[in-house]
Amino acid sequence: ESLIGRFLIKVDYIAEDNGGTVKAAGHSKGALEILGAYKQRPELFDRIVTWAVPYLGSERAGQFPFCKVDSLTEMRPNSPFISWVSDGPLPGNAEILNFYSDDDMIIVPAENSLLPVQNNVTNVLLPGLFHNDFLYDPLVHQMTRLFLAGNFFGNGYVKELKSGLGREYYHRVDVLFDVNGLT
């Protein structure tokens, strides 16, 4: 059974206790698996957050001598798995927030982290983050929490975003809004 199949069994179980849908967040290959599950069963998902997802693959996949995992070859551009996940638009059922960085040294080129431009997808550039930084960054965590709770770029968003962060992050919030053309 595939990883996506096993994941969907768990999503079905959780959705039963959660009004029929779930919220999901994933990093890198995990985010690809979530998007693959979403393509198969879009009715189960309400909100999705992806961090550093190699949506169109990475030219560096499989080039790491310390990490010889067959699943890395699935993340090469135009691999059958990447081609299947990225084929056509994503379903419109769930709101999707995608974080990417132009400084990600794993997903090359960085544009391969962008999800398709469509009404239910928001791509957010976070400059200065490397691939695994998304897992530990307080700004990423705070934005993810707010999005999953249903507050994203609404009234009072910047205040609420900054209130969950130390003052040392306030400048990064301003930069984030500036580079993404947000108000």
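I will try to describe carefully the structure that is included in this document. (Residues numbered from 1 in each chain as written. Predicted model: local features only at pLDDT ≥ 70, side-chain atom pairs only at ≥ 80, totals over all residues. Heavy atoms only, no water.)

Concerning the nonpolar core
As a reminder, the rule being used: Among the buried residues, those of types Ala, Val, Leu, Ile, Met, Phe, Trp, Tyr and Cys that are joined through side-chain atoms within 4.5 Å form a nonpolar core. Remark: exposure states derive from per-residue accessible area (1.4 Å probe, protein chains only) relative to the maximum for the residue type, with buried under 20%, exposed over 50%, and partly exposed in between. Numbering of helices and strands runs from the N terminus, with a helix taken as a DSSP run of H or I at least four residues long and a strand as a DSSP run of E at least two residues long. Two residues qualify as a contact provided that any one of their heavy atoms is within 4.5 Å of a heavy atom in the partner residue.
Core analysis: the biggest nonpolar cluster contains 27 residues, and Leu35, Phe45, Ile48, Leu90 and Leu115 have the highest contact counts within it. Of all the elements in the fold, those that place two or more residues in this core are α1 (3-16), β1 (22-27), α2 (29-40), β2 (45-51) and α4 (80-86). The element that contributes the greatest number of residues to this core is α2, accounting for six residues. The contacts of Phe45, once residues within four sequence positions are left out, are Phe7, Leu8, Val11, Thr21, Val22, Ala24, Ile34, Ala37, Tyr38, Asn93 and Ala94.

Concerning the packing of α1 against α2
Heads up, the condition is: Helix axes are fitted to C-alpha atoms over the stretch in contact, other axes to C-alpha atoms as well, and angles between N-to-C directions run from 0 to 180 degrees. Put simply, angles under 35 degrees are roughly parallel, angles over 145 are roughly antiparallel, angles from 65 to 115 are roughly perpendicular, and the rest are oblique. Two helices that cross are described as forming a left-handed crossing if the nearer one is turned anticlockwise from the farther one by less than a right angle, and a right-handed crossing if clockwise. Any residue that is not Ala, Val, Leu, Ile, Met, Phe, Trp, Tyr, Cys, Pro, Asp, Glu, Lys or Arg is counted as polar, Gly included; the first ten are nonpolar and the last four charged.
Relative orientation of the contacting elements α1 and α2 amounts to 70°, with a least axis distance of 9 Å. By the angle between their directions, the pair α1 and α2 is classed as roughly perpendicular. Crossing handedness for the pair α1 and α2: right-handed. Residues Leu3, Ile4, Phe7 and Leu8 of α1 pack against Glu33, Ile34, Gly36, Ala37 and Gln40 of α2. Across the contact of α1 with α2, the residue classes tally to six nonpolar, two polar and one charged.

Concerning the sheet that holds β1
Keep this limit in mind: Strands qualify as paired when DSSP identifies two bridges or more between them.
Overall, parallel pairing links the four strands, which are arranged β1-β2-β3-β4 in an open sheet. At either margin of the open sheet sits one strand with a lone partner, and together these are β1 and β4 (121-125). In this sheet, adjacent strand axes meet at a mean angle of 10° when their direction is disregarded. Relative to β2, β1 is paired through six bridges, and the arrangement is parallel. Of the residues in β2, the one forming a bridge with Lys23 is Arg47.

Some points on the pattern of salt bridges
Selection criterion: Basic side-chain nitrogens of Lys or Arg form a salt bridge, by our definition, when they fall within 4 Å of a carboxyl oxygen of Asp or Glu.
Considering all chains together, one arrives at seven salt bridges under this definition. A salt bridge links Arg172 to Asp137, with the nearest nitrogen and oxygen atoms 2.8 Å apart. Remark: Asp137 occurs in the loop between β4 and α5 (138-148) and Arg172 occurs in helix α7 (residues 170-179); sequence separation between them is 35 residues. Its relative accessible area of 24% is what places Arg172 among the partly exposed residues. When the shortest N-O distance is used, the salt bridge between Asp174 and Lys162 registers 3.2 Å. Taken as a pair, Asp174 in helix α7 and Lys162 in helix α6 (residues 157-163) lie far apart in primary sequence, 12 residues in all. The exposure class assigned to Asp174 is partly exposed, which follows from its relative accessible area of 41%. Among the ionic contacts, a cluster of salt bridges with common partners joins Asp12, Arg41 and Glu43.

Regarding the pairing of strand β3 (residues 95-100)
With five of six residues buried, β3 lies mostly within the body of the structure. Here β2 runs beside β3; their pairing, made up of five bridges, is parallel. The residue bridging Thr50 from the neighbouring strand is Asn98, located in β3. Looking at chain direction, β3 and β4 are connected through five bridges and run parallel.

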